[in-house]
Amino acid sequence: MPNDELTTVATEYRELQQQIKDLEEQADTLKQIMIRECDIQQADKLQAGVFEIRYTLVESSRLDSAKLKADYADLYNQYVKKTTSTRFQVA
């Protein structure tokens, strides 16, 4: 692929990434409006036409790997699993 064509592709990619970011911000604003309405109505479920909006507390348990590593390094090293991945970036 010629350099000018690759530059065009990279430019379009960056523009699309910005559009995605802008749309995510818009979606987050709409989400916050719905959350605020759930809070105002003190409801964890609201009906909005065909949509059911839920805002509920979810509890989960997670392993504190940093504390495990600090307190029991040998045990941590027995169970740690390393992975390899690739990273793509247009800067």
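Residues numbered from 1 in each chain as written. Predicted model: local features only at pLDDT ≥ 70, side-chain atom pairs only at ≥ 80, totals over all residues. Heavy atoms only, no water.

1. Notes on the packing of aromatic side chains
Piece 1. Taken as a whole, this structure holds one aromatic pair when the rule is applied.
Piece 2. Residues Tyr13 and Phe88 carry aromatic rings whose centres are separated by 5.6 Å and whose planes lie at 85 degrees to one another, so their mutual orientation is edge-to-face. Residue Tyr13 is found in helix 1 (residues 3–40), and its partner Phe88 is found in the segment after helix 3 (73–79); the two are separated by 75 residues along the sequence. (Phe/Tyr/Trp six-rings, centres within 6.5 Å; stacked < 30°, edge-to-face > 60°. Helix = DSSP H or I, 4+ residues; strand = E, 2+ residues; numbered from the N terminus.)

2. Some points on unusual backbone geometry
Negative phi characterises most residues that are not glycine, and trans characterises most peptide bonds.
Piece 1. You will see that Gln42, though not glycine, has its phi angle at about 50 degrees, which is positive.
Piece 2. Relative to the assigned elements, Gln42 resides in the loop between helix 1 and strand 1 (45–48).
Piece 3. Overall, Gln42 belongs to the exposed group, its relative accessible area being 74%. (Buried < 20%, exposed > 50% of the residue type's maximum accessible area, 1.4 Å probe, protein only.)

3. Details of the pairing of strand 2 (residues 51–54)
Piece 1. Relative to strand 2, strand 1 runs antiparallel, the two sharing four bridges. Following the sheet pairing, Ala48 is matched in strand 2 by Phe51.
Piece 2. Between strand 1 and strand 2, which follow one another and run antiparallel, lie two residues, and Gly49 among them has a positive phi close to 65 degrees. (Pairing = 2+ DSSP bridges.)

4. A short note on a nonpolar patch on the surface
Piece 1. A surface patch of nonpolar side chains, about 310 Å² in accessible area, is lined by Met1, Leu6 and Val9.
Piece 2. Of note, Met1 is situated in the segment before helix 1. (Patch = residues over 30% accessible without salt bridge, like charges linked within 9 Å, V, L, I, M, F, W, Y side chains within 5 Å. Areas by Shrake-Rupley, 256 points an atom, 1.4 Å probe, with all protein chains shown as cover. Salt bridge = Lys/Arg side-chain N within 4 Å of Asp/Glu carboxyl O.)

5. Focus on helix 1
Piece 1. Between the first and last C-alpha of helix 1 there are 55 Å, a value that for 38 residues agrees with the 56 Å anticipated at 1.5 Å per step.
Piece 2. Immediately beyond the C-terminal end of helix 1, within one or two residues, lies Gln42, with a positive phi of roughly 50 degrees. (Expected span 1.5 Å × (residues − 1).)

6. Section: the pattern of salt bridges
Piece 1. This model, assessed by the stated rule, comprises two salt bridges.
Piece 2. Taking the shortest distance from any N to any O, the salt bridge between Arg54 and Glu52 comes out at 2.8 Å.
Piece 3. According to the relative accessible area criterion, Glu52 is partly exposed, its value standing at 42%.
Piece 4. Its salt-bridge partner being Asp71, residue Lys67 comes within 2.8 Å of it at the nearest N-O pair. Of this pair, Lys67 and Asp71 both sit in helix 2 (residues 65–71), four residues apart, roughly one helical turn.
Piece 5. Given a relative accessible area of 48%, Lys67 falls into the partly exposed group.

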